[in-house]
Amino acid sequence: MVTRDLLTFLADKDFPVMILTKSPLILRDVDILQQINKNGKLLVQFTVLTTNEDKSRILEKGTPSPSLRLDAASKLKSLGIPVHFHVSPFI
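The rules behind these values
Residues numbered from 1 in each chain as written. Predicted model: local features only at pLDDT ≥ 70, side-chain atom pairs only at ≥ 80, totals over all residues. Heavy atoms only, no water. Helix = DSSP H or I, 4+ residues; strand = E, 2+ residues; numbered from the N terminus. Contact = heavy atoms within 4.5 Å. Core = buried A, V, L, I, M, F, W, Y, C linked by side-chain atoms within 4.5 Å. Buried < 20%, exposed > 50% of the residue type's maximum accessible area, 1.4 Å probe, protein only.

Before going further, it helps to examine the environment of Phe85. Within the secondary structure layout, Phe85 lies in strand β3 (residues 83-86). C-alpha of Phe85 to C-alpha of Thr21: the two residues are 64 residues apart in sequence and 9.7 Å apart in space. When neighbours within four sequence positions are excluded, Phe85 is seen to be in contact with Phe46, Val48, Leu70 and Ala73.

The structure is reproduced here in structure tokens:
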């Protein structure tokens, strides 16, 4: 709830927001993200090192799989939310 509270505060103050995440849990706050995006002040970036699920399990232990991140990005994009990928380092 800390992230949601922060996003709500930023939305209420009309601040621009850039989120860098590895988590598809960002979809829990899609209502607030849409509110921020109404004024074109939102960018969501997902970190992806590789799309290879086996390599990802080794390199990024405990993080959501690349396919879950790509699915979340696709959902956000379908809602008109700008999504970028932070690909560094690329394996």
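This paragraph deals with the nonpolar core. Leu33 and Leu42 are the most contacted members of the largest nonpolar core, which totals 16 residues. At the level of elements, α1 (2-12), β1 (17-21), α2 (30-37), β2 (42-47) and α4 (66-78) are the ones that each hand at least two residues to this core. Other than its neighbours up to four places away in sequence, Leu42 contacts Val17, Ile19, Leu33, Ile36, Asn37, Ile81 and Pro82.

As a further point, take the environment of Ser23. Structurally, Ser23 can be placed in the loop between β1 and α2. Overall, the relative accessible area of 19% leaves Ser23 in the buried class. When the C-alpha atoms of Ser23 and Ser65 are compared, they prove to be 8.9 Å apart, with 42 residues separating the residues in sequence. Once residues lying within four places of it in the same chain are set aside, the contact partners of Ser23 are Phe46 and Pro64.

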